[in-house]
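One-letter residues, chain by chain:
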Amino acid sequence: MEKEVHSLIEESATLLDMDPYLSLEKAKEATKQEAALEKYCEEHHITTVHDSNLNLATWFHLASVYEKNGMFQEAIETYNFLMKQQKRPKEFLVRTRINLGNLYHSRNEYAEAIKNYRMALDQTTREEKLLRFQIHRAIGNILMEKGKLHSAILEYEAVSMNADADIDTCFNLFLCYAQVDDLKKSKNIFLRILSLKPVLDASSSIEKELIDSISSSDIDLYEDLTRLQKESRNLVFSAARILISMFNRNERESGFLWVQKQLDNRRYKDIAHQIEIEKALYHMKNCEFDIAVKIFKSFEIKDVEMRAMIATNLSFVYFVEGNFNVADEYADAALSINRFNPNTLVNKGNCFFVLDELTSAKQLYLEALSINPTHFEALYNLGLTNARLGMISDAKLAFEKLHSIITNDPRVLYHVANMYEQSDNNNAAMKWFNVLCACLPTDPGVLHRIGTFYDVLKDDSQSLHYHLESYRIYPTNLDVIGWLAIWFIKHEMYEKSIEFFKQASDIDPNEVKWKLMIGSCYRKIGRLDDALDVYEEVRNDHPRNVECLKYILSICHDLGRDCSRYEKEMNHLLKTSTTEEQ
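Residues numbered from 1 in each chain as written. Predicted model: local features only at pLDDT ≥ 70, side-chain atom pairs only at ≥ 80, totals over all residues. Heavy atoms only, no water.

> Got a minute to help me understand the overall build of the chain in this structure?
Within the chain, the regular secondary structure consists of 31 helices and zero strands. Taken over the C-alpha atoms alone, the chain extends approximately 140 × 60 × 45 Å along its principal axes. Residue burial in the chain is summarised as follows: out of 582 residues, 44% are buried. Restricting to contacts in the chain with at least 6 residues of sequence separation, those with at least 24 account for 49%. Total accessible area computed for the chain in this model is approximately 31500 Å², and 51% of it derives from carbon and sulfur atoms. For the chain, the separation between the mean place of its 69 positive charges and that of its 88 negative charges on side chains is 4 Å. (Helix = DSSP H or I, 4+ residues; strand = E, 2+ residues; numbered from the N terminus. Buried < 20%, exposed > 50% of the residue type's maximum accessible area, 1.4 Å probe, protein only. Contact = heavy atoms within 4.5 Å. Areas by Shrake-Rupley, 256 points an atom, 1.4 Å probe, with all protein chains shown as cover. Lys, Arg positive; Asp, Glu negative; His and termini not counted. Charge placed at Lys NZ, Arg CZ, Asp CG, Glu CD.)

If you want it as structure tokens, here you go:
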């Protein structure tokens, strides 16, 4: 019977990853068989055959299988049942408490998780360093999730300065120091991270032989070690970037230099080069292109492997500066080294775009998308190129795909709406402009466009609403002011239209039509003297304006005033214009 229990546990363990449900059935059957075995031993007074540890192992395995099946409450109940057993080794008690802590953590019951971890910690001895470190790290992780950074720091510090410290714990401690803005301690723990032994150290001849041996004999193990090495180096790079960002803006340059020096001194020259590129990008963001170019060009001599990346960045810098010929040269250089970098292809496509070689640009954007189908710049520029080529439907597809990847980007929403408008689908265009308006509720241009659509649809009230909103936010747009003034004229609200025409005249005093329209509004409401004053002002500023003189003559006739002087001026202007035409 005991062999049958062992067999069931082994079968359950084998099925755990392949078929968790069947594994659970086997585990339950093992507990039943173990209970039967225990009863049999009691009835026959057998004390040597039945092992009490088998009972614990059977139930412990059942709890683990419950956990694997996502049945967390059943797993917790099973672990608690085990904790009530009298005969239990200390190691078993610690492992059970840790598993309970893990379960409570997965259920976000942080207080219970910490309680079980601390109870497990109390049962360990100082000789069990690795186990204690794991528990401290688990507690630290929970405290960090809850935002209790100072408490998390204490847990991580219990691990970080020991010889067996791991990079994940040290990195988490670094993040805590960064969050509390402690630059000094952040620098210290960064140095501690750099002092940790790499996963794969090819600089050691003994380890190099071991690495070569593993790579040829156990591919899976070598791939795992390579992955861990890559992850650890990514953590070093992330820590370096965060540390630099902690320096004050006026000390950022010294921050770059300090971090690069530490990396150079500790076998991380490749990451030091990446930090130097970060430095160049930092200067680019600050529009210090000369410094950025100088840094990028230094890599052409210093590091051959990074030549393609540097050429790509230089191409981008020169393109932004408007030096398209040099940008094109660097784009070609980058492509000659690596044609499978979508950023490089986009740079070359941009060079074709500004030269109006749109078909070539489109091909390069498509090639970039074949490598990375979600590349923002490639999709966006492809949409612009298709629009320039008159391929509105293709442009619309590109922008809509981009919208599905990056929702609610105002630039993308605008172009989707614009493409629908160009394809004469006003209803769809208005829908997309409304979506854009939800993202940019105070953009006067968007409000004006929506108002224009409602005007086309003959919805007077909505059109007026959006034009007024646009005017309220940006009261100097002459198109909006002119539309509002005309709208009030159509609705015979001349005093209101005069206000808008006066504002238009103040904004654009050289445009005669605004004052002529003011005069026209005064005439509509019978204020002929005011209209005459306005026309006289126009006549003084624009003495050759025939239309103004006509209005003056008309008002003079209506008022019964002498207009002979104006008639002479009119005849003179007409003769002059006739002579000029001949």
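Okay, back to it.
> Help me out: how do you make sense of unusual backbone geometry in this one?
What is expected of a backbone is that most residues other than glycine have negative phi and most peptide bonds are trans. We note that Asp356 has phi near 65°; this positive angle belongs to a residue other than glycine. As for its placement among the helices and strands, Asp356 is situated in the loop between helix H18 (342–354) and helix H19 (358–371). Its identity as a non-glycine residue notwithstanding, Lys458 has a phi of 65°, on the positive side. For Lys458, the location among the structural elements is in the loop between helix H24 (444–456) and helix H25 (460–473). Look at Lys458 and you get exposed, because its relative accessible area is 72%.

> For this particular structure, what's the right way to read the environment of Ser298?
Tracing the chain through its elements places Ser298 in helix H15 (residues 289–302). Linking Ser298 and Asp168, residues 130 residues apart in sequence, is a C-alpha distance of 34 Å.

> Just checking my understanding: could you explain the packing of aromatic side chains for this structure?
Given two aromatic rings, one states the distance between the centres and the angle between the planes to describe the pair. All told, the structure shown has 15 aromatic pairs when counted by the stated rule. A centroid spacing of 5.8 Å and a plane angle of 75° characterise the contact between Tyr380 and Phe399, whose relative ring orientation is edge-to-face. Taken as a pair, Tyr380 in helix H20 (residues 376–388) and Phe399 in helix H21 (residues 392–405) lie far apart in primary sequence, 19 residues in all. We classify Tyr380 as buried; its relative accessible area is 16%. Ring centres 5.6 Å apart and planes at 10° place the aromatic pair Tyr454 and Tyr466 in the stacked group. Of this pair, Tyr454 sits in helix H24 while Tyr466 sits in helix H25, placing them 12 residues apart in sequence. Cation over ring: Lys187 sits above Trp258, and NZ or CZ is 4.7 Å from the ring centre. Taking NZ or CZ as reference, Lys348 lies 4.8 Å from the ring centre of Phe352, over its face. (Phe/Tyr/Trp six-rings, centres within 6.5 Å; stacked < 30°, edge-to-face > 60°. Lys NZ or Arg CZ within 6 Å of the ring centre and 35° of its normal.)

> Please clarify how helix H6 (residues 110–122) should be interpreted in this entry.
For an α-helix the count is 3.6 residues per turn, leaving residues at separations of three or four pointing the same way. For H6, spanning 13 residues, the distance from its first C-alpha to its last is 18 Å, which sits close to the expected 18 Å at 1.5 Å a residue. Restricting attention to buried positions, one finds in H6 the residues Tyr110, Ala113, Ile114, Asn116, Tyr117, Ala120 and Leu121. Here the buried residues of H6 occupy an arc of 165° about the axis, which is enough to place them on one side. Exposed residues on H6 whose side chains face more than 90 degrees from its buried face are Ala111 and Asp122. Those residues of H6 that are buried lie in contact with helix H5 (90–106) and helix H7 (129–145). (Expected span 1.5 Å × (residues − 1). Arc of directions from axis to C-beta.)

> Help me understand the packing of H20 against helix H22 (residues 410–422), please; the structure alone is not making it clear to me.
Between two packed helices, what matters for the description is the angle formed by their axes and the separation of those axes. Between H20 and H22, the least distance of the axes is 12 Å, while the angle of their chain directions is 25°. Comparing their axes, H22 and H20 come out roughly parallel. Where H20 crosses over H22, the two elements pack in a sense that is left-handed. In this structure, H20 contributes Phe376, Tyr380, Leu384 and Ala387 to the contact, and H22 contributes Arg411, Val412, His415 and Met419. Looking at the contact of H20 with H22 residue by residue, the class counts come to six nonpolar, one polar and one charged. (Axes fitted to C-alpha atoms, helices over the stretch in contact; angles between N-to-C directions. Parallel < 35°, antiparallel > 145°, perpendicular 65-115°, else oblique. Left-handed = near helix turned anticlockwise from the far one by under 90°. Nonpolar A, V, L, I, M, F, W, Y, C, P; charged D, E, K, R; others polar.)

> Can you walk me through the nonpolar core in this structure?
Burial of nonpolar side chains together is a common tendency in soluble globular proteins. Counting residues in hydrophobic clusters, the biggest one holds 67 residues, and the most contacted among them are Tyr117, Phe190, Val236, Val259, Leu263 and Ile275. Discounting residues that sit within four places of it in the chain, Val236 has contacts with Ile167, Phe190, Ile193, Leu194, Leu263, Tyr268 and Ile271. Listed in part, the 40 residues of the second largest apolar core include Leu335, Leu345, Ile450 and Phe453. (Core = buried A, V, L, I, M, F, W, Y, C linked by side-chain atoms within 4.5 Å.)

> Looking at this structure, I do not really get a nonpolar patch on the surface. What am I missing?
Side chains of Phe324, Val354 and Leu355 sit close together on the surface and give an oily, nonpolar patch of about 250 Å² of accessible area. As for its position among the elements, Leu355 is in the loop between H18 and H19. Assessed through its relative accessible area of 51%, Leu355 is described here as exposed. (Patch = residues over 30% accessible without salt bridge, like charges linked within 9 Å, V, L, I, M, F, W, Y side chains within 5 Å. Salt bridge = Lys/Arg side-chain N within 4 Å of Asp/Glu carboxyl O.)

> Please explain the environment of Thr385 as it appears in this structure.
Mapped onto the elements, Thr385 comes out in helix H20. Since its relative accessible area comes to 0%, Thr385 is described here as buried. Residues Thr385 and Lys362, spaced 23 residues apart in sequence, show a C-alpha to C-alpha distance of 6.4 Å. When neighbours within four sequence positions are excluded, Thr385 is seen to be in contact with Phe353, Leu358, Lys362 and Tyr365.

> Honestly, the packing of helix H29 (residues 528–541) against helix H30 (residues 546–559) in this entry has me stumped. Any pointers?
Where H29 meets H30, the axes come as close as 9 Å, and the angle between the chain directions of the two elements is 150°. When the axis of H29 is compared with that of H30, the two are roughly antiparallel. Between H29 and H30 the crossing geometry is left-handed. Along the contact surface, H29 presents Leu528, Asp529, Ala531, Leu532, Tyr535, Glu536, Val538 and Arg539, while H30 presents Cys548, Leu549, Tyr551, Ile552, Ile555, Asp558 and Leu559. In terms of residue class, the contact of H29 with H30 is made up of 11 nonpolar, no polar and four charged.

> Quick question: what am I supposed to make of the pattern of salt bridges here?
Opposite charge on two side chains allows them to pair when their charged atoms are near. Within this structure, the stated rule accounts for 22 salt bridges. Here Asp328 ties to Lys348 by a salt bridge, and the two come within 2.5 Å at their closest N and O atoms. With Asp328 in helix H17 (residues 324–337) and Lys348 in helix H18, this pair connects stretches of sequence that are 20 residues apart. The exposure class of Asp328 is partly exposed, given its relative accessible area of 21%. Put simply, Asp328, Asp332 and Lys348 are held in one network by salt bridges that share partners.

Taken by themselves, the reported measurements are silent on function.
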